[in-house]
Amino acid sequence: MSNVTAVYLPNEGILTEAEYMCIGVYLVVLGALSVLFNIFVIIVLVKGNPNYHAVHNILLLNISVSDLLLSAVAYPLWASTTFYYRWIWSDAWCTFSAFWCFTLAQNDMNTLAAISMCRYIIVCKPQYEYYLMKPRSKYVILVAIWSHSLLHTTAPLFGWSSYKQEAFGTSCSIDWTGHSASVITYNCIITLTCYGVHLFIFTYCYYFIIQELKAVASTPLNDQIVSVEKVRWYHRVSTSLAVTMVKTSLAMIAVFLIAWTPYAIVSIYSMFSNGLHPWTLVIPTMLAKSSTLLNPTVCALLSCKFRKAAMRLFSRKNKVKPIVDECQLQEFKHSSTSSGVRICEQGQNERIQYRGNLAHNDVFIGDMTISLPLDYNIV
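Here is a short report on the structure shown in this document. (Residues numbered from 1 in each chain as written. Predicted model: local features only at pLDDT ≥ 70, side-chain atom pairs only at ≥ 80, totals over all residues. Heavy atoms only, no water.)

A few points about the pattern of salt bridges
- For the structure on display, the rule yields 1 salt bridge.
- Put simply, K164 and D175 hold a salt bridge, and the shortest N to O gap is 3.9 Å. You can see K164 sitting in strand β1 (residues 163-165) and its partner D175 sitting in the loop between β2 (172-174) and α7 (181-217), a full 11 residues away along the chain.
- For K164, a relative accessible area of 25% gives the class partly exposed.
- A relative accessible area of 10% places D175 in the buried class. (Salt bridge = Lys/Arg side-chain N within 4 Å of Asp/Glu carboxyl O. Helix = DSSP H or I, 4+ residues; strand = E, 2+ residues; numbered from the N terminus. Buried < 20%, exposed > 50% of the residue type's maximum accessible area, 1.4 Å probe, protein only.)

Looking at a nonpolar patch on the surface
- A surface patch of nonpolar side chains, about 900 Å² in accessible area, is lined by M21, V25, V28, V29, L33, F83, Y84, I88, W89 and W93.
- Checked against the element boundaries, M21 lands in helix α2 (residues 17-47).
- The exposure class of M21 is partly exposed, given its relative accessible area of 36%. (Patch = residues over 30% accessible without salt bridge, like charges linked within 9 Å, V, L, I, M, F, W, Y side chains within 5 Å. Areas by Shrake-Rupley, 256 points an atom, 1.4 Å probe, with all protein chains shown as cover.)

Observations regarding the state of the cysteines
- As enumerated under the stated definition, the model contains 1 disulfide in all.
- The thiol of C118 is unpaired, and the distance to the nearest cysteine sulfur, on C205, comes to 9.4 Å.
- The exposure class of C118 is buried, given its relative accessible area of 10%. (Disulfide = S-S within 2.5 Å.)

As structure tokens, this is what we get:
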């Protein structure tokens, strides 16, 4: 008998009954919360009209639907087997649950990477935002996300590596413990393309987003004549810092690292060693499963637009005012010519006014004031 079989064969008392019960309760609670919360997020995104960028809205919806499908289908399988202390379903169900989980989890990671790239373009490369505004852009991005997921998750179904029971015998995943060339090459490739590449994208995009927000927030509009478009961009970027962009960016990186880094490290180590303590294998797996609850929490609840949309949707008295997206231009009478554009006023209705010599579509329109809502950021 090989070392791998001796260590990873289920039903050999890897965990105690009490430990299996704790894991089962954790999965039931996590699954129920994930289902309820993702349904809530989907309702708000569909019915609440949070006024996101079209691409950003569809990406958040994609994450929530993916997490809902994962929670509703996979968690009952995992929890039921955990309470029996072993895998009680057939090998076909084991393969299906592993494929289902890997596909939807990879879809989540791809979507988070797409969100970070869209935010990077909007904040750091606004000249390319035009491509995101095209009606077909969101569908192209979704096709790319799902294609990348299925490209990696269907390979074990056709003989490149395989899906098998995990070490503690109550759920299934990729074969991280095999020593064949097929298993090792597949595991190395998915570790690089499904974790390493995403980590690089997050780090690169959010580092420059935060740097741009900090720089723009402290830089005045000093040109003698400033275009309305530049004022809008400046306002969006500067108020993003004041609202939630930095906090959201750091939170998304933290959630990704917490959920997937321990799992990636232990999985890589399992490829070359079989001496890990059972709980060293269990804890990273449970952390990875928590992503179904953490993802919508960070992407949705940390957004002021989502919170306002939820309040509007569920408020009985409709006290929450709609978010104003259109800017208002009004001429400043009896005002002296100003050098550059400066903030004139921050009103109680969450609007900021910028006053100065403005131009619109390269046409000088005079000493004007542009009034923009505080939550004008679209990401």
